[in-house]
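Below, each chain spelled out in residue letters.
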Amino acid sequence: MDLYLSVPMLSSSSAQSFPVSITAPLYDTVFTAGGLTIVTWTEPRSPTISQITLTKGPIDKAQPILLVATDINSEDEKFTWRIPADFPTGDNYAFELGTAPNVTYTGYFIIKSISDRSTFLNTSYGASVANSLASATFQLPIGTFKLIIACASIAVSTAFLLL
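Residues numbered from 1 in each chain as written. Predicted model: local features only at pLDDT ≥ 70, side-chain atom pairs only at ≥ 80, totals over all residues. Heavy atoms only, no water.

An unreviewed UniProt entry lists the protein under the name Yeast cell wall synthesis Kre9/Knh1-like N-terminal domain-containing protein, from Umbelopsis ramanniana AG.

Take unusual backbone geometry next. Each neighbour pair has its own omega, and for Ala24 with Pro25 the value is 5 degrees, a cis peptide bond. Relative to the assigned elements, Pro25 resides in the loop between β1 (21-24) and β2 (29-32). Here the amide bond leading from Ala100 into Pro101 is cis, since omega sits at 5 degrees, within 30 degrees of zero. Here Pro101 is to be found in the loop between β7 (90-99) and β8 (102-105). (Helix = DSSP H or I, 4+ residues; strand = E, 2+ residues; numbered from the N terminus.)

With that settled, consider the environment of Val30. Among the secondary structure elements, Val30 is positioned in strand β2. Placed 81 residues apart in sequence, Val30 and Ile111 show a C-alpha to C-alpha distance of 5.9 Å. Setting aside chain neighbours within four positions, we find Val30 in contact with Ile110 and Lys112. (Contact = heavy atoms within 4.5 Å.)

On to the environment of Thr89. Its place among the elements puts Thr89 in the loop between β6 (78-82) and β7. Its relative accessible area of 44% is what places Thr89 among the partly exposed residues. Residues Thr89 and Lys112 lie 23 residues apart in sequence; the distance between their C-alpha atoms is 5.0 Å. (Buried < 20%, exposed > 50% of the residue type's maximum accessible area, 1.4 Å probe, protein only.)

Turning our attention to the pairing of β6. Every second residue of β6 is oriented toward a common face, the buried set being Phe79 and Trp81 and the non-buried set Lys78, Thr80 and Arg82. The pairing of strand β3 (residues 36-42) with β6 spans 5 bridges and is classified as antiparallel. Considered in β6, the bridge of Leu36 is made with Arg82. (Pairing = 2+ DSSP bridges.)

This paragraph deals with the side chain of Ser74. Here Ser74 shows up in the loop between β5 (63-73) and β6. Overall, Ser74 belongs to the buried group, its relative accessible area being 0%. If we skip the residues at most four places from it in the chain, Ser74 touches Trp41, Pro44, Ser46, Pro47, Thr48 and Ile49.

Turning next to the pattern of salt bridges. Applying the stated rule across the entire model yields 1 salt bridge. Between Glu43 and Arg45 there is a salt bridge; the shortest N-O distance is 3.2 Å. (Salt bridge = Lys/Arg side-chain N within 4 Å of Asp/Glu carboxyl O.)

What the 3 strands build is an open sheet, ordered β1-β3-β6; its pairing is antiparallel. Strand pairing shows two members of the sheet lacking a second neighbour, β1 and β6, which therefore form its edges. The average angle at which neighbouring strand axes cross in this sheet is 30 degrees, direction not considered. (Axes fitted to C-alpha atoms, helices over the stretch in contact; angles between N-to-C directions.)

A few words on the side chain of Thr53. In this fold, Thr53 is placed in strand β4 (residues 48-56). Taking relative accessible area as the criterion, Thr53 reaches 6% and is therefore assigned buried. Side chain to side chain, Thr53 and Gln51 meet in a polar contact 3.4 Å long. Residues contacting Thr53, with those up to four places away along its chain left out, are Pro64, Leu66, Leu67, Val68, Ala94, Phe95 and Glu96. (Polar contact = N/O pair within 3.5 Å; in protein donor to acceptor, adjacent residues only side chain to side chain.)

Here's what the structure looks like:
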C-alpha cells in the first residue's frame, strides 16, 4: 500500500525514482483560496517534472482532483499556482509531483476560503485580541503616543529608529 507523506513515497520497487525532494509546502501549511501556493524542492533528478497533480483525501484513499501543470522545469526548484478564489476549503490536500511509479508528495496542506481570513475579528478570540491591543495602546505615556501618531506616515523601520 502506498502512503502519502511529505517525503518521497515508500516502495519496495528498486526501479522507482523520485523526481525531486520536496521542501514546501510542509504538513499543515495554510493557503487561502485566490492566493498563491508555492511548491519548492531540491535535488531534481531530470530536467522536467512530468506533471503536478492536486490530490485530496485521507492517506489511504487520496484521489487526484486536478492536473495543475505538465512538463515543469525541475531545475527552477519551485512552482507557483494560484488557487481559484472559489476553490473548496479542506485540510487534506497534497501535491503529487511526477507520474507513477516515480512520484513525490508534499505534506498535507489546508485551503481556507477568503472569508475565513476576514472573519477573524468577528470571533470572540479575535475580538479579545483586538481589545487587548487597544488597551495596550492607550496605556502608553502620552508623549510616546503622540510620537507614534506623528510617525504614522513614515516607514515602520524609520518609526522604530525614532522611538
